[in-house]
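Results of the structural survey
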Amino acid sequence: TASVLNADLSKWKEWLPLLEKARVERIQFDIMDGKFVQNTGVPKNVVKELRPHTKIFFESHLMVEKPEENVREFAQMGSQLLIFHVEATAKPKQMIHMIKDAGMKAGIAVNNKTPVEKIFPFLSESDLALVMGVDAGFGGQKFSHAALDKVSDLRKEIDSQGLSCEIEIDGGVNADTARKCVKAGADILVAGTFIFGHKNGIAEAVRELRND
């Protein structure tokens with residue numbers, strides 16, 4: 001999954017075909033409100049703008065307060081999976097149902113400092129569980145190795161319940177940490193800085209991640 005947080009959004013006509021050529025399976029849009037995290041992220045209209053130009057699966061990661069107010073809009077813009085933070089809502093179960101009722105897959109995210117057990121009650125109804133490998137809100141941070149323990153705890157919980165919920169890890173993923181994430185049990189790796197900042201370009205970055 002390619003996170004476009006640090007991509008030059010004005011040059012999407014250059015990098016979108018490169019992501020397709022590299023067979024990137026998903027694009028993640030990090031949506032922030034400056035309140036839940038101290039950053040502004042990707043403008044949400046980018047989802048709508050890019051949607052007609054690619055068949056790549058779109059997921060939107062809401063790092064916002066009151067995520068329930070965004071559900072309908074993201075469904076209309078063409079997001080296929082909506083991820084919200086367990087810390088951002090008092091009613092995660094209702095949020096999952098709202099997302100699914102809007103025709104999207106539902107993902108639940110847990111921040112770096114939140115115990116992973118907080119999302120265990122919601123795994124059976126979620127399509128995806130997202131573990132942050134860094135503090136939510138900023139690209140380019142160093143990977144937190146505690147995230148690997150969270151991934152392996154999630155893997156055990158999901159497998160013991162026989163669930164189909166996928167595990168995604170986001171933040172600090174590069175060729176080195178990717179291997180560890182997969183070993184811990186992650187299904188999906190999100191990389192942004194590594195893909196868009198790679199000195200040899202997008203295709204080489206994706207190849208390095210896949211090799212691991």
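Criteria and cut-off values
Residues numbered from 1 in each chain as written. Predicted model: local features only at pLDDT ≥ 70, side-chain atom pairs only at ≥ 80, totals over all residues. Heavy atoms only, no water. Phe/Tyr/Trp six-rings, centres within 6.5 Å; stacked < 30°, edge-to-face > 60°. Helix = DSSP H or I, 4+ residues; strand = E, 2+ residues; numbered from the N terminus. Buried < 20%, exposed > 50% of the residue type's maximum accessible area, 1.4 Å probe, protein only. Lys NZ or Arg CZ within 6 Å of the ring centre and 35° of its normal. Polar contact = N/O pair within 3.5 Å; in protein donor to acceptor, adjacent residues only side chain to side chain. Contact = heavy atoms within 4.5 Å. Pairing = 2+ DSSP bridges. Salt bridge = Lys/Arg side-chain N within 4 Å of Asp/Glu carboxyl O.

The subject of this paragraph is the packing of aromatic side chains. Taken as a whole, this structure holds two aromatic pairs when the rule is applied. Aromatic pair Trp15 and Phe196: ring centres 5.3 Å apart, planes at 75 degrees, arrangement edge-to-face. Residue Trp15 is found in helix α1 (residues 12-21), and its partner Phe196 is found in helix α7 (residues 193-196); the two are separated by 181 residues along the sequence. Its relative accessible area of 6% is what places Trp15 among the buried residues. Taken together, a centroid distance of 4.9 Å and an interplanar angle of 70 degrees make the contact between Phe29 and Phe58 edge-to-face. A residue pair is termed long-range when its members are at least 10 positions apart, and Phe29 in strand β2 (residues 26-32) and Phe58 in strand β3 (residues 57-63) qualify at 29 residues. Grouping residues by exposure puts Phe29 and Phe58 together as buried. When the ring centre of Phe57 is taken as reference, the NZ or CZ atom of Arg26 above it lies at 4.7 Å.

Attention now goes to unusual backbone geometry. Glycine aside, the phi torsion of most residues is negative, and most peptide linkages are trans. Even without a glycine there, the phi angle at Arg23 is positive, about 60 degrees. In this structure, Lys66 takes a positive phi of about 50 degrees despite not being glycine. If you trace the backbone, Lys66 turns up in the loop between β3 and α3 (71-77).

Moving on, we get to the side chain of His198. As for its position among the elements, His198 is in the loop between α7 and α8 (202-211). Residue class for His198 comes out buried when judged on its relative accessible area of 14%. At a separation of 3.0 Å, a polar atom in the side chain of His198 contacts the side chain of Glu208. For His198, the contacting residues outside a window of four places in its chain are Thr193, Glu204, Ala205 and Glu208.

Taken in spatial order, the eight strands make up an open sheet running β1-β2-β3-β4-β5-β6-β7-β8, and their pairing is parallel. Of all strands in the sheet, those bounded by a partner on one side alone are β1 (2-3) and β8 (188-190). As judged from the two bridges shared by β1 and β2, these two strands associate in the parallel manner. Residue Ser3 lies in a different strand from β2, and its bridge partner there is Gln28.

What follows deals with the pattern of salt bridges. Going through the model one piece at a time under the given rule, you end up with nine salt bridges. Note that Arg26 is salt-bridged to Glu59, the shortest N-O span being 3.0 Å. Of this pair, Arg26 sits in strand β2 while Glu59 sits in strand β3, and the two are 33 residues apart along the sequence. By relative accessible area, Glu59 is classed as buried at 0%. Across the salt bridge formed by Glu125 and Lys93, the nearest N and O atoms sit 3.3 Å from each other. Of this pair, Glu125 sits in the loop between β5 (105-110) and β6 (128-132) while Lys93 sits in helix α4 (residues 92-101), placing them 32 residues apart in sequence. Judged by its relative accessible area of 21%, Glu125 is partly exposed. Three or more residues joined by partner-sharing salt bridges are found here, namely Arg26, Glu59 and Glu166.

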